[in-house]
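Inside the fold
Residues per chain, in single letters:
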Amino acid sequence: MKKTLKKALSVLLAVAAVLGTACFDIGEFCLGTSLAVKSESASTDVLTIYTKSDSCCYVYECDTKATGDIVIPSTYNGLPVTGISHSAFARCKEIETVMIPDSVTSIGSGVFLDCTSLKEINVDENNEYFTSIDGVLFDKKVKHLRDYPAGKTMSEYVIPDSVTQIGYYAMRSSDIETVVLPDGLKNIHPQAFTYSKINKVTIPDNPFLVIDSMAFSDCYYLDVVVFSGTACLYDEAFIGCNNAVFIFEPNSEAYTFCVNPMNGHHYTTIAEDAEVDLKSGVIYTDVGGVKANKFFQNTSEGVDVSMDTDYTCTGTVVSIDLWSSLNSQFVLVVNGDTNGDGICDVLDCFEVERISNGNADLSGVYAEAGDNNNDGIIDITDYQSIVNKAIA
């Protein structure tokens, strides 16, 4: 219950932060009136506009039966239209384009949520706060991707290099199959990609990147997530992505899995070349490849991490509540560590030699640790491989 309330509060605060710069306050609007805005295939009043005293007004909602092209007026009853309320166009499934005037200074979150036919969000070129690139809505400096039209038909989308944030619901329900994230990306907000058709994504190497809870939730088509470096995930960032395979690039740095980083928490680090099997709950790694008991803390300069403890031993169970509901606990298989002491040494060599000669036996994760070449048997080849590790 507390987690749900916390998430709801964070969303409300985010909306408040966005809308707070406008001249209106949603909690203090005057009586609303409907404005007739014609679209190509509709002749009904589709926008409801509220006024704030005698200073300005804003779009409160759009009729969900609206169709075609919507042009938001720059003025109404002689007052400038300066804002678009949170979820104003949500579930308007038949609108195809929206034109935002130069007068708009504030746009709430989830404005175009589930507008499945929307192909373009355009902005007047004289608007000083927002811009549109190929029908995608950004802030004026192109640092914040606000909304990607769910009805836009592209198989791949390359997010501009200048973008540092992908907003709430920004690419939710989109048809994009592959997205290229910029190296300077710092935040992927909740439900940014929820229900999208994305099937592959590469997480850039950025130690300041935070992927919020449910950012990629319920991406049923997601097959491959490639980690190219260090990043930080909230819990449940990939919940519902039950078919996804997580790959660590060979030259990547340690990848950080953490819980509740804003308040500080213990978390686990998994190093390069580790393989994570979500369905079986096993992490395959080398000696020193998994560290735990770190403490994460946000600072004004970025990430501050205290010293850690190495818990990389075959058979160790690590709790990681992050990707999906399939597993929250993972058992470690450390290559060469057949006796679970966290090192690969002469004792492991001796054990594997005995097994390869038929004089001993191993089972479970300890057998997997001895099978270095993954051919299903422990033999002289594995012995030679572990000897090399022991003397390295």
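Residues numbered from 1 in each chain as written. Predicted model: local features only at pLDDT ≥ 70, side-chain atom pairs only at ≥ 80, totals over all residues. Heavy atoms only, no water.

Helices and strands together make up the secondary structure of the protein, namely four helices and 30 strands. Taking all 392 residues of the protein together, the buried fraction comes to 51%. Approximately 18000 Å² of the protein is accessible, and the part contributed by carbon and sulfur atoms is 50%. (Helix = DSSP H or I, 4+ residues; strand = E, 2+ residues; numbered from the N terminus. Buried < 20%, exposed > 50% of the residue type's maximum accessible area, 1.4 Å probe, protein only. Areas by Shrake-Rupley, 256 points an atom, 1.4 Å probe, with all protein chains shown as cover.)

Within helix α2 (residues 346-356), burial applies to D348, C349, E351, V352 and I355. Down the axis of α2, the buried side of the element spans an arc of 165°, and every buried residue falls inside it. Residues of α2 that are exposed and point over 90 degrees away from its buried face: V346 and L347. Those residues of α2 hidden inside the fold are in contact with α4 (380-391). N-cap assignment for α2: the residue whose side-chain oxygen lies 3.1 Å from the backbone N of L347 is D345. Count one or two residues on from α2 and you reach G358, which has phi positive near 80°. (Arc of directions from axis to C-beta. Contact = heavy atoms within 4.5 Å. Polar contact = N/O pair within 3.5 Å; in protein donor to acceptor, adjacent residues only side chain to side chain.)

It is worth spelling out α4 at this point. The end-to-end C-alpha distance of α4, which contains 12 residues, comes to 17 Å, matching closely the 16 Å that a straight helix rising 1.5 Å per residue would cover. With a side-chain oxygen positioned 3.2 Å from the backbone nitrogen of T381, the residue opening α4 is D379. (Expected span 1.5 Å × (residues − 1).)

A word on a nonpolar patch on the surface. On the surface, a nonpolar cluster with roughly 360 Å² of combined accessible area is contributed by Y195, Y220 and Y221. Structurally, Y220 is set in the loop between β18 (210-211) and β19 (224-227). (Patch = residues over 30% accessible without salt bridge, like charges linked within 9 Å, V, L, I, M, F, W, Y side chains within 5 Å. Salt bridge = Lys/Arg side-chain N within 4 Å of Asp/Glu carboxyl O.)

Chemically, a disulfide is nothing more than a covalent bond linking the sulfur atoms of two cysteines. Tallying each qualifying case throughout the model produces zero disulfides. Looking at the unpaired C62, the closest cysteine sulfur is the one in C92, lying at 3.8 Å. Cysteine C241 is unpaired, with the sulfur of C219 as its nearest cysteine sulfur at 4.7 Å. (Disulfide = S-S within 2.5 Å.)

What follows covers the side chain of S173. Structurally, S173 can be placed in the loop between β14 (165-166) and β15 (178-180). Here D114 takes part through its side chain, which lies 3.5 Å from a polar atom of the side chain of S173. Not counting residues within four places of it along the chain, the set of residues in contact with S173 comprises D114, A150, T194, Y195 and S196.

All told, the structure shown has three salt bridges when counted by the stated rule. We note a salt bridge from R172 to D114, for which the minimum N-O separation is 3.4 Å. Residue R172 is located in the loop between β14 and β15, and its partner D114 is located in the loop between β8 (106-107) and β9 (120-123); the two are separated by 58 residues in the primary sequence. For the pair R172 and D114, a shared accessibility class is recorded, and that class is buried. Ionic pairing is found between K197 and D175, a salt bridge with its closest N-O pair at 3.6 Å. Taken together, the residues span a long stretch of sequence, with K197 in the loop between β16 (187-188) and β17 (200-203) and D175 in the loop between β14 and β15 at a distance of 22 residues. The class of K197 is partly exposed, set by a relative accessible area of 37%.

Here the focus is the sheet that holds β9. Here three strands make up an open sheet; going across it, the order is β4-β7-β9 and the pairing parallel. Edge strands, defined here as strands with exactly one partner in the open sheet, are β4 (67-71) and β9. Here the strands of the sheet are splayed against their neighbours by 15° on average, with no regard to which way each runs. With four bridges connecting them, strand β7 (residues 94-100) and β9 associate as parallel partners. Along β9, the bridge assignment pairs T97 with E120. (Pairing = 2+ DSSP bridges. Axes fitted to C-alpha atoms, helices over the stretch in contact; angles between N-to-C directions.)

Another aspect to go through is empty space enclosed by the protein. In this approach the atoms are scanned with a rolling probe the size of a water molecule, which exposes any empty space left behind. According to the stated counting rule, one finds one cavity of 30 Å³ or more in the structure shown. Taken as a whole, the largest cavity spans an internal volume of roughly 80 Å³. Around the largest cavity, the lining comprises 13 residues; the ones closest to its centre are F112, L113, D147, Y148 and Y169. Split by residue class, the lining of the largest cavity holds nine nonpolar, one polar and three charged. (1 Å grid on protein atoms, 1.4 Å probe; cavity = no way out; pocket = protein on both sides within 12 Å on 5 of 7 lines; lining within 4 Å. Points joined across faces, edges and corners; volume = space filled by probe spheres on them. Nonpolar A, V, L, I, M, F, W, Y, C, P; charged D, E, K, R; others polar.)

Now for the packing of aromatic side chains. Ring pairs (aromatic) are described by centroid distance and by the angle formed between their planes. The tally for this structure, following the rule as stated, stands at eight aromatic pairs. Aromatic side chains Y50 and Y60 sit 4.5 Å apart centroid to centroid with 70° between the ring planes, which places their arrangement in the edge-to-face category. With Y50 in strand β2 (residues 47-52) and Y60 in strand β3 (residues 56-62), the pair connects residues that are 10 residues apart, well separated along the chain. One aromatic cluster is present, built from ring pairs that chain together Y50, Y58 and Y60. (Phe/Tyr/Trp six-rings, centres within 6.5 Å; stacked < 30°, edge-to-face > 60°.)

Looking at where I198 falls in the secondary structure, it is placed in the loop between β16 and β17. For I198, a relative accessible area of 1% gives the class buried. Those residues in contact with I198 that lie beyond four places of it in its chain are I176, E177, V179, F193, F216, C219, Y221 and L222.

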